[in-house]
Amino acid sequence: MRSYILHFPNFSGAKTAVFTLSLIVNLACGAVQADRAVLSDQAVLSGQVVQAATIPLTNPGFEEPYHPIIINPDCPNISGVVADGWEENGCWFGTEAAAVYDQETAVFHGGISSQRVELTAGWWQLVQWLPLQAGQQYTATVWLRSAAPMQVTLQLRRGDEPYTSYASKLITVTPDWTQYTLSGLSETAAGAYILYGSDPGTLWIDDAGLTAEPAPPPVLPTATVSRAYFGVHLHRLDTPWPAVQDRLGTIRFWDCEGCQWAEVNTAPGVYDWAVLDARVAAARAHGADIVFNLGRTPRWASARPDEPSPYGPGQAAEPADDQTWRDWVTAVGNRYQGQITWWEVWNEPNDPNFYSGSIPQLVDLARQARDILQAIDPINQMVTPSPYDAGWLDAYLAAGGGEMADVIGFHFYLSPGGDAPQLLYQVAIPAVQGVLVAHGQADKPLWDTEAGWLALPDGTGLLPNEVAVGYVGQRLLLEWARGVDRMLFYAWDNHGVMSVEPTWEDNVTLTPSGVAYGEMAGWLTGAVITDLTVDEAGTWVAVLTYADGAMGYVVWNPAYRSDAPLDFAVPVAWKVGVQRDLTGGSVALADDRVSVEQRPFLLQPTPPTSHIWLPLVRGS
């Protein structure tokens, strides 16, 4: 596992983040667990009980033999021996690692030995490589003990790039032997069973295990796709409202110039509301809900005013005192009473660039904010701090954070180079839903409060239009189908940060991806996705049913290749005669076969007798 740093352009409110690829499935995306329920050792499928199968790990009990670590000249302070079948991989994180591994025969859970790890600096990591299969739910277990409390991450992930994380759990290990468990879905790929951490101290590892069972089928939402589902971020002061005929229903105030706490509350009791007033007025004029992020502590209010952060010294730290926080929340809540009703406590708190305090401190800040905002107006609703690591979300909910939230926020970024959206549907979103089930929070809405495709490692390069357009269309449909209630694209008017951008450099003219966003919003708004299937050729078909009885059929194939065109036989029962694409164009169907691409298209009756399709976007 390698720490992967993305350097983003610097401007007031620029998004700068450090993403560990193994934590991005959210990838930005973390712990992958069951879709609607955490399964035990047996799964009930088609009325039959299916026993979980044990996946043989090599030397799961950390018994003899052990083999010496080959000293890496880049990390000369990693030494010792590890159990056969396991590999030390701490240098992945950087050259500062200093750790000693050994066979422990005096402290063990089972058998006659355990793996001991003594860390003094940097990171340690222990990994076993193994094949994984899609459609299986894997459950990993391990027994851990430490000399003093320390944090360890247990993870299942893809074994090679893009290092997609299938399951991730942040564990606080204690001096008592304890078994830890996590579950997740995977792709068919080389996989990795991983333990790692950065807390100095001594840790013992023993009796690892892995089982697999068929994953339960996903359940489609029965709700109608609402306009509120479609959201964006606007960063620049001079960017006009997106030209998508008011299809956007939500805007999130984060990384927007002049909007954040440090920019508004410039000194104790001093507030400059001008920019925020204008942005709130613009959103309300277009009928969009506002999600306001309360984070970014002003330097004068920071618990660590000289601590570096991408936004300025001290802004990632928690407030130095509770009263300062309460004053800020009270001031902004009173000013926008009835105008802002969705409040998010912090941004990406799993990343020290954005939050450097503790989870208990953040839970307490959320509690205070909730009490204040709901006292101001009972309609106010709280969104959890939105991480891009489901292991962090698991720890936050375990600390009581779910009690302070009406909505669960998460950042489902896809990794550099352009992961296909079905990874969200099949792996990433179920990851977070499994965490919610485990903590009794599955009844709360799940929002993707930052969505997009990360830039390439050098921060340059957009995905080709023919790929990006298809990805945007697929993603909008699949996130809703998998149970995400709002998806806020990051970002409408910021360039060089993501590999899919909806506008050109003027921040106004729509790219083909921006056109596709508005067009898919038009197809989906007001519809219920009543069926979603994948045929033997890998072609996806989503059936849209509208309140007036009109039907539409969205068709695509993620594996489309221009050198191997794929035909699709249109069922006669669909009674369709028009094919609409993500440019807003349409053609009459000449026969009962159409050519399928990775860009979704919509099949509808001709003429559309009840549901009227209007052009949604302007631009090129």
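Residues numbered from 1 in each chain as written. Predicted model: local features only at pLDDT ≥ 70, side-chain atom pairs only at ≥ 80, totals over all residues. Heavy atoms only, no water.

Student: Any chance you could explain the pattern of salt bridges here in plain terms?
Tutor: Pairing between side chains of opposite charge can happen when the charged atoms of each approach one another. Under the defined criterion, the tally for this structure stands at 21 salt bridges. Two residues, Glu-450 and Arg-252, come together in a salt bridge whose shortest N-O distance is 2.8 Å. With Glu-450 in strand 24 (residues 446-453) and Arg-252 in strand 19 (residues 250-253), this residue pair connects regions lying 198 residues apart in the sequence. Judged on exposure class, the residue Glu-450 and its partner Arg-252 are both buried. (Salt bridge = Lys/Arg side-chain N within 4 Å of Asp/Glu carboxyl O. Helix = DSSP H or I, 4+ residues; strand = E, 2+ residues; numbered from the N terminus. Buried < 20%, exposed > 50% of the residue type's maximum accessible area, 1.4 Å probe, protein only.)

Student: It is not clear to me how the pairing of strand 28 (residues 551-556) should be interpreted in this structure. Could you clarify?
Tutor: If a strand is regular, its side chains alternate between the two faces of the sheet. Most of strand 28 sits out of view: five of its six residues are buried. In this sheet, strand 28 lies alongside strand 27 (residues 540-546) in antiparallel orientation, the contact comprising six bridges. The residue bridging Leu-544 from the neighbouring strand is Gly-552, located in strand 28. Following strand 27, the chain reverses through four residues before pairing antiparallel with strand 28; Gly-549 in that reversal takes a positive phi of roughly 95 degrees. Across three bridges, strand 28 lies against strand 33 (residues 601-604) in antiparallel orientation. Among the inter-strand pairings, Val-555 is bridged to a residue of strand 33, identified as Phe-601. (Pairing = 2+ DSSP bridges.)

Student: What is the right way to read the confidence of the model for the protein from this model?
Tutor: Low pLDDT marks regions whose predicted coordinates should not be analysed in detail. Across the protein, the average pLDDT comes to 88, with 88% of residues at 70 or higher. Considering only residues more than four positions removed or in separate chains, one finds that residues 1-50, a stretch of pLDDT under 50, has 212 contacts. (pLDDT = per-residue confidence, 0-100. Contact = heavy atoms within 4.5 Å.)

Student: What exactly am I supposed to notice about the packing of helix 3 (residues 322-335) against helix 4 (residues 359-376) here?
Tutor: At a minimum axis distance of 9 Å, the contact between helix 3 and helix 4 shows a crossing angle of 35 degrees. Considering how the two elements wind past one another, helix 3 and helix 4 form a crossing that is right-handed. Across the interface between the two elements, Asp-322, Trp-325, Arg-326, Val-329, Thr-330, Gly-333 and Asn-334 from helix 3 touch Asp-364, Leu-365, Gln-368, Ala-369, Ile-372, Leu-373 and Ile-376 from helix 4. (Axes fitted to C-alpha atoms, helices over the stretch in contact; angles between N-to-C directions. Left-handed = near helix turned anticlockwise from the far one by under 90°.)

Student: For this particular structure, what's the right way to read the state of the cysteines?
Tutor: One covalent bond between the sulfur atoms of two cysteine residues makes up a disulfide. Evaluation of the coordinates by the stated rule reveals two disulfides. In this model Cys-75 forms its disulfide with Cys-91; the gap between the sulfur atoms is 1.9 Å. The sign of the S-S torsion, about 80 degrees, decides the handedness of the disulfide formed by Cys-75 and Cys-91: right-handed. Of the two residues, Cys-75 is situated in the loop between strand 6 (66-68) and strand 7 (78-83) and Cys-91 in the loop between strand 8 (87-88) and strand 9 (98-104); the sequence distance between them amounts to 16 residues. For Cys-256, the disulfide goes to Cys-259, at an S-S distance of 2.2 Å. Here the disulfide of Cys-256 and Cys-259 is left-handed, its torsion about the S-S bond being about -135 degrees. Neither Cys-256 nor Cys-259 differs from the other in exposure class; each is buried. (Disulfide = S-S within 2.5 Å.)

Student: What is the right way to look at the packing of aromatic side chains in this model?
Tutor: Aromatic ring pairs: the centre-centre distance and the angle between the two ring planes describe each pair. Going through the model one piece at a time under the given rule, you end up with 33 aromatic pairs. Aromatic pair Phe-93 and Trp-123: ring centres 4.4 Å apart, planes at 10 degrees, arrangement stacked. Of this pair, Phe-93 sits in the loop between strand 8 and strand 9 while Trp-123 sits in the loop between strand 10 (114-121) and strand 11 (124-132), and the two are 30 residues apart along the sequence. The class for Phe-93 is buried, based on a relative accessible area of 12%. Judged by its relative accessible area of 29%, Trp-123 falls in the partly exposed class. (Phe/Tyr/Trp six-rings, centres within 6.5 Å; stacked < 30°, edge-to-face > 60°.)

Student: Would you explain the sheet that holds strand 8 in this entry?
Tutor: The five strands are arranged 8-11-16-13-14 in an open sheet whose pairing can be described as antiparallel. Looking along the sheet, the strands with just one partner apiece sit at the ends: strand 8 and strand 14 (165-173). Bridge count between strand 8 and strand 11: two bridges; the pairing is antiparallel. Paired with Glu-87 across the strands is Val-127, a residue of strand 11.

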